[in-house]
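# Residue-level structure breakdown
One letter stands for each residue in the lines below.
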Amino acid sequence: MDRHRDKADQKFQRKALQVQEAQARVMQYAKPLGTEEVPLSQCCGRVLAEPLRAPHPFPAFNRSGMDGYALRAADTLSCHAGEPVWLEVIDNIPCGAVASAEITEGTAARIMTGAQVPKGADTVVMIEITESRESDGKSYVGLRKPQQAGSNITPVGFELQESELVLPAGRTIAAGDIAVLAAFGSPVVKVQRRPKVAVFATGTELLEVDEPLQPGKIRNSNSPMLEALVREAGGEAVILGAIADDLELARSRVQMALENYDLVITTGGVSVGDYDIMGDLVREKSGEMLFNKVTMRPGSVTTAAVRGGKLLLALSGNPGASFVGFHLFARPVISLMLGTERPLLPEMSAFIGTDYNRVNNFTRFVRARLEIRDGMLHAYPAVIDESSVMVTIKDSDCLIVVPPEARGLKAGDKVKVLKLPGELRRQE
Ligand SMILES: Nc1nc2c(c(=O)[nH]1)N[C@H]1C(S)=C(S)[C@@H](COP(=O)(O)OP(=O)(O)OC[C@H]3O[C@@H](n4cnc5c(N)ncnc54)[C@H](O)[C@@H]3O)O[C@H]1N2
Ligand code: MOO
Ligand SMILES: [Mg+2]
């Protein structure tokens, strides 16, 4: 009986941490996991593991910006009153070729866009403003206006000098980065290894997605949602299914997962209920509990522990709470494991779109839809945003941070929002 009392006391006496403190506790266990090489075609969205310095200037040669003639600007200065200057065309330089002769006084080379400008030439004149004639088997180009040195030539190193830093390590590779990597000859790219994240759900009430509904039961929506969130954060998610509320079973599953994966995320069973086994499991002596209560809503019962150096994030079973818990705790951990420098959701300020009157003792992270109007951000809180509500997660672009002291926000008040990843939802 006394042992029961002890257990119950432990269960109910939880010390709530501030969100930032709780984030700091989990983030200190998140370190980059090492690197691997992937083909250029598969590196989009991965995190670059080493900086790229330009191995050569870019462009690597003085490049013609027009189809026309390469010549010396000085040779055009003598045109006056519309009298053309005639220069002998001594070379023809298609793109990809190099000149066979230097341009000297009185000569020019026909040249195409993108070709290397020949030695001696300091300007390129576009075909449209030139004239041509043949005489004694020689070709001549005629110009009626003096030209400026440097025109239509992109000088060597215009974009980048040799050894200039182009891509810092830690950058998430996007299309423009891929162009750079290709231009500098990187068929394989060193990227951070993706964390392997085990996701499992707890709850005797849970059905598989393809099972028919049964009385009192629900389908497991958290695991597929978390799988998508892990992927979006740059991790590799492995769904380990749903387990019944059975402490023995959960203990062995969690242990197996901690041994085989970089991070373990569970949902459900962290509150004070009779079958809330994850709470019991985390309080067992075999590991360090980092926290089991956070001053936030939803997700106040979010729990974290470390075992054998690996993090276990036990998120609340309520869909809204597991969504917010993922973004505040799991996403930063995955980001740090990927070696990124800014693991937390970006903060912005917005005008709240409607009144918000819900009162709370804890900071509330209210899911909301963002709209940009006249260049200003407006955040519309979801009409129903209880922890247990699933359906409005899909419409949220951000979380409005409502501190406990904010009582009765009025439409138009300025609020802090945490931007969720991805594009803004369209207004229906
Ligand atoms: N007496 C108290 N009861 C509760 C408290 C409290 O402080 N005292 N806290 C409430 C709060 S706040 C939350 S949040 C929930 C947390 O619940 P658990 O993390 O223990 O989660 P469960 O009990 O397993 O489930 C809660 C809810 O979520 C549904 N669920 C669970 N897993 C899934 C899933 N994979 N997919 C979809 N939905 C899921 C489950 O069926 C329940 O409806 O506790 C409050 N209670
Ligand atoms: O604190 Mo509960 O975790 O969602 O509201
Ligand atoms: Mg519970």
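Criteria and cut-off values
- Residues numbered from 1 in each chain as written.
- Chains lettered and ligands numbered in written order.
- Predicted model: local features only at pLDDT ≥ 70, side-chain atom pairs only at ≥ 80, totals over all residues.
- Helix = DSSP H or I, 4+ residues; strand = E, 2+ residues; numbered from the N terminus.
- Rg over C-alpha atoms; globule rule 2.2 N^0.38 Å.
- Buried ≥ 20, exposed ≤ 12 C-beta atoms within 10 Å, placed from the backbone.
- Contact = placed C-beta atoms within 7 Å.
- Pairing = 2+ DSSP bridges.
- Near = placed C-beta within 6 Å.
- Nonpolar A, V, L, I, M, F, W, Y, C, P; charged D, E, K, R; others polar.
- UniProt positions renumbered as here; feature names shortened; annotations may be inferred.

## Some details on the overall build of the protein chain
Each helix and strand in the protein chain was counted, giving 7 helices and 26 strands. Computed over C-alpha atoms, the radius of gyration of the protein chain comes to 32 Å, more than 25% over the 22 Å expected from 2.2 N^0.38 for 428 residues, which places it beyond the range of a compact globule. Principal-axis analysis of the C-alpha atoms places the extent of the protein chain at approximately 115 × 50 × 40 Å. For the protein chain, the proportion of its 428 residues judged to be buried stands at 38%. Within the protein chain, contacts between residues separated by at least 24 positions form 70% of all contacts whose residues are at least 6 apart in sequence.

## What to know about the pairing of strand E8 (residues 130–135)
Sheet analysis places E8 next to strand E9 (residues 138–143), joined by 6 bridges and oriented antiparallel. Across the sheet, residue threonine 130 finds its bridge partner in E9, namely leucine 143. In this antiparallel pair of consecutive strands, E8 and E9, the connection spans 2 residues, and aspartate 136 shows a positive phi of 55°.

## Examining the site of ligand 2
The environment of ligand 2 is formed by Arg297, Pro298, Gly299, Ser300, Val301, Ser316, Asn318, Ala321 and Ser387. Per-class residue counts for the shell around ligand 2 are 3 nonpolar, 5 polar and 1 charged.

## Overview of the UniProt feature "domain: MoaB/Mog" (unreviewed entry) in the protein chain
UniProt annotation of "domain: MoaB/Mog" (unreviewed entry) refers to residues 198–336 when read in the numbering used here. Secondary structure over residues 198–336 splits into 36% helix and 28% strand, and the C-alpha atoms at its two ends are 17 Å apart.

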